[in-house]
2 protein chains.
Amino acid sequence: MVTGTKQRLIEGALEVIRSQGITAVSARSVASAAEANQALIFYHFGNVEELIAQTCVTATESRVDEYRERFAAVSTLTELLALGQTVLVEERAEGNLVVLAQTLAGAQRGGRLAEATHEALGKWTAEVESALVRVLAGSPLMEFTDPRGLARAVSAGFLGITLFESVDPAGGEQALAALTQLATLADVIDDLGPVATRAVRAKLRAVTKARR
Amino acid sequence: MVTGTKQRLIEGALEVIRSQGITAVSARSVASAAEANQALIFYHFGNVEELIAQTCVTATESRVDEYRERFAAVSTLTELLALGQTVLVEERAEGNLVVLAQTLAGAQRGGRLAEATHEALGKWTAEVESALVRVLAGSPLMEFTDPRGLARAVSAGFLGITLFESVDPAGGEQALAALTQLATLADVIDDLGPVATRAVRAKLRAVTKARR
DNA sequence: GTCTATAACGAGATAGAC
DNA sequence: GTCTATCTCGTTATAGAC
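What counts, and where the lines are drawn
Residues numbered from 1 in each chain as written. Chains lettered and ligands numbered in written order. Predicted model: local features only at pLDDT ≥ 70, side-chain atom pairs only at ≥ 80, totals over all residues. Heavy atoms only, no water. Contact = heavy atoms within 4.5 Å. Buried area = accessible area lost by both parts, 1.4 Å probe. Salt bridge = Lys/Arg side-chain N within 4 Å of Asp/Glu carboxyl O. Polar contact = N/O pair within 3.5 Å; in protein donor to acceptor, adjacent residues only side chain to side chain. Helix = DSSP H or I, 4+ residues; strand = E, 2+ residues; numbered from the N terminus. Nonpolar A, V, L, I, M, F, W, Y, C, P; charged D, E, K, R; others polar. Core = buried A, V, L, I, M, F, W, Y, C linked by side-chain atoms within 4.5 Å. Buried < 20%, exposed > 50% of the residue type's maximum accessible area, 1.4 Å probe, protein only. Near = heavy atom within 4 Å. Phe/Tyr/Trp six-rings, centres within 6.5 Å; stacked < 30°, edge-to-face > 60°. Lys NZ or Arg CZ within 6 Å of the ring centre and 35° of its normal. Least-squares fit on C-alpha atoms with pLDDT ≥ 70 in both. Axes fitted to C-alpha atoms, helices over the stretch in contact; angles between N-to-C directions. Parallel < 35°, antiparallel > 145°, perpendicular 65-115°, else oblique.

### Examining the interface of chain B and chain A
Right, on to step 1. Of the residues lining the interface, 59 residues belong to chain B; the matching set on chain A comes to 59 residues.
Right, on to step 2. Between chain B and chain A, the buried area comes to about 5,200 Å², and carbon and sulfur atoms account for 70% of it.
Right, on to step 3. Its largest share of buried area at the contact with chain A, chain B owes to Gln108, Phe164 and Val167 of chain B, together 13% of the area lost on that side.
Right, on to step 4. Remark: the boundary between chain B and chain A carries zero salt bridges.
Right, on to step 5. At the junction of chain B and chain A, the tally comes to 14 residue pairs in polar contact (both at pLDDT 80 or more).
Right, on to step 6. For the side of chain B that touches chain A, the secondary-structure elements that each account for two or more residues are helix H1 (5–20), helix H6 (96–106), helix H7 (111–136), helix H8 (147–167), helix H9 (169–192) and helix H10 (194–211) of chain B.
Right, on to step 7. The class makeup of the residues in the side of chain B that touches chain A is 30 nonpolar, 20 polar and nine charged.

Structure below.
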């Protein structure tokens, strides 16, 4: 099944999306990239949208599987942040964040692509979230952050940077560097321990008060 | 010029992109939304890509102008973060972050859209950056953050959350909430002043050492 | 500036031979 | 499962009347 036509069509779709984006996807362009007959898309997937949906989900699945062990090996916030950087850099070459971002853009009208991207995003956020929970356990940060929301924010941020990079590579690099710096700051809070905890608690009280 | 056909075509393009995304854009769909004749797109813009490019730039310009005074009024990090949230919420209704994100996706193949989105992104990042520089002046944070890169990271993050929201509104909300919490943490570091500065410096030395 | 009409082509999708 | 051929429709873009 490795060299099967169905698989080749998915790889063709990946290639078209990576190099030209979702707007360039058509039965003909994908079939051409896959060196397959255009009619086979409809035989194997029924329609083009379904092909894209399956492409997005399986590609994401395969990349997340690739990273699973590495996420599991992470035990500190610093390590997690370093892994995040690695993901961004590796996917810059692998191109699967581009695929997810492009499919997400194509999902604006809802439909099958919305369902598929929702599923694909869930695969990333689940991995990030569980790593966050593990890493933040016992940290003063745990008390004030929601790993669930944070995992989503991080995933969304990565997608945004991926899109940003495509039109401004230098700017994307700067953005990544800035995030790394912020990461260090979070680490510092972590290390400050009880001092930071007290400070954060005081701040939260102040903020809460001010908003009443 | 307010009710001119050219303007109506731009508004039609905005409507199509907002409701159905970049993949649904065509001379016919836009003309229909603008209640204008399809041929007029080619008379006024030459081709559809140019229409989208101008739509993206002018829409971004108008929204950024809308926020300029509010950015200028910001004098603390907390206020800036609050404004950031406001932007995200208001643009959720206004829909112009969606337009920028969608155009960015359409810019994957380069060409005119890449140029236009580069320009549009620059308008946002310039505003965010100048506010960051002002707000971080004299803060211990200034020493360790690059406002230029941070502004790009923030802008990219907003675009990512915007895309994320379109397929998972609840998740987008959680992401936004998590960022707000992180914002408070940054604020705390700011308030800690010299204590934080020393801690961050020590941490940076440690990190630098570990990487050698 | 705006319209109709139409050329020229690419799109999704299906039928049917092999 | 894969191919060719084809239908039908939507697409960009232009020509030319008004």
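### A closer look at the nonpolar core
Right, on to step 1. Within the largest apolar cluster, 126 residues are counted, with the highest numbers of intra-cluster contacts made by Phe71 and Trp124 of chain A together with Phe71 and Trp124 of chain B.
Right, on to step 2. Core analysis: the second largest hydrophobic core is formed by five residues, Val188 and Leu192 of chain A together with Val188 and Leu192 of chain B among them.

### Observations regarding the protein's contact with DNA strand D
Right, on to step 1. Near DNA strand D lie 14 residues; those nearest to it are Thr5, Asn37 and His44 of chain A together with Ala27 and Arg28 of chain B.
Right, on to step 2. Within the side chain of tyrosine 43 of chain A, one N or O atom sits 3.3 Å away from a phosphate oxygen of DNA strand D.
Right, on to step 3. Where the surface near DNA strand D is concerned, the elements lending two or more residues are helix H3 (39–45) of chain A together with helix H2 (27–33) and helix H3 (39–45) of chain B.

### Section: the pattern of salt bridges
Residues and elements named next belong to chain A.
Right, on to step 1. Using the criterion set out here, one finds 24 salt bridges over all chains in the structure.
Right, on to step 2. One salt bridge connects arginine 68 with glutamate 127, and the closest N-O pair in it is separated by 3.2 Å. Placement of the pair is arginine 68 in helix H4 (residues 48–73) and glutamate 127 in helix H7 (residues 111–136), with a sequence separation of 59 residues.
Right, on to step 3. Looking at arginine 68, the relative accessible area reads 38%, which means it is partly exposed.

### Overview of unusual backbone geometry
Across residues other than glycine, the phi torsion is negative in most instances, and most of the peptide bonds are trans.
All names here are of chain A.
Right, on to step 1. Even without glycine at this site, glutamate 35 takes up a positive phi of about 50°.
Right, on to step 2. Note on placement: glutamate 35 falls in the loop between helix H2 (27–33) and H3.
Right, on to step 3. What makes glutamate 35 exposed here is its relative accessible area of 71%.

### Observations regarding the protein's contact with DNA strand C
Right, on to step 1. Near DNA strand C you find 14 residues, and of these Ala27 and Arg28 of chain A together with Thr5, Asn37 and His44 of chain B are the closest.
Right, on to step 2. Here DNA strand C approaches the protein such that, of its atoms within 4 Å, sugar and phosphate make up 60%.
Right, on to step 3. At a separation of 2.6 Å, a phosphate oxygen of DNA strand C approaches a polar backbone atom of alanine 27 of chain A.
Right, on to step 4. Glutamine 38 of chain A places a polar side-chain atom, nitrogen or oxygen, 3.0 Å from a base nitrogen of DNA strand C.
Right, on to step 5. Mapped by element, the contributors of at least two residues to the surface near DNA strand C are H2 and H3 of chain A together with H3 of chain B.
Right, on to step 6. Among the elements that take part in the surface near DNA strand C, H3 of chain B stands out by supplying four residues, more than any other.

### Brief notes about the packing of aromatic side chains
Right, on to step 1. Counted under the stated rule, the structure contains two aromatic pairs over all chains.
Right, on to step 2. Between tyrosine 67 of chain B and tryptophan 124 of chain B the ring centres are 5.9 Å apart and the planes differ by 45°, which places this aromatic pair in the tilted class. In this pair, tyrosine 67 of chain B is assigned in helix H4 (residues 48–73) and tryptophan 124 of chain B in helix H7, connecting sequence segments 57 residues apart.
Right, on to step 3. For tyrosine 67 of chain B, a relative accessible area of 0% corresponds to the buried category.
Right, on to step 4. When its relative accessible area of 9% is taken as the criterion, tryptophan 124 of chain B is described as buried.
Right, on to step 5. One residue, lysine 6 of chain A, lies across the ring of phenylalanine 45 of chain A, its end atom 5.5 Å from the ring centre.

### Some thoughts on the environment of glycine 160 of chain B
Right, on to step 1. In this structure, glycine 160 of chain B sits in helix H8.
Right, on to step 2. Using a relative accessible area of 1% as the deciding quantity, one classes glycine 160 of chain B as buried.
Right, on to step 3. The residues contacting glycine 160 of chain B, other than those within four sequence positions of it, are Ala156 and Gly160 of chain A.

### Structural notes on the relation of the copies chain B and chain A
Right, on to step 1. With an RMSD of 0.0 Å, the fit of chain B onto chain A corresponds to turning through 180° and sliding 0.0 Å along the axis. The operation mapping one copy onto its partner corresponds to a two-fold rotation axis.
Right, on to step 2. Both copies present the same face, since 98% of the interface residues in chain B are matched by interface residues at the equivalent positions in chain A.

### Overview of the packing of H1 of chain B against H4 of chain B
Residues and elements named next belong to chain B.
Right, on to step 1. One way to put it is that H1 packs onto H4 with a least axis distance of 9 Å and a crossing angle of 85°. Looking at the two axes, H1 sits roughly perpendicular to H4. In contact with Lys6, Leu9, Ile10, Ala13, Leu14 and Ile17 of H1, H4 contributes Leu51, Ile52, Gln54, Thr55, Thr58 and Ala59.
Right, on to step 2. For the contact of H1 with H4, a count of residues per class yields eight nonpolar, three polar and one charged.

### Considerations on the side chain of threonine 125 of chain B
Right, on to step 1. In this structure, threonine 125 of chain B sits in helix H7.
Right, on to step 2. Once residues lying within four places of it in the same chain are set aside, the contact partners of threonine 125 of chain B are Phe164 of chain A together with Ala151, Arg152 and Ser155 of chain B.

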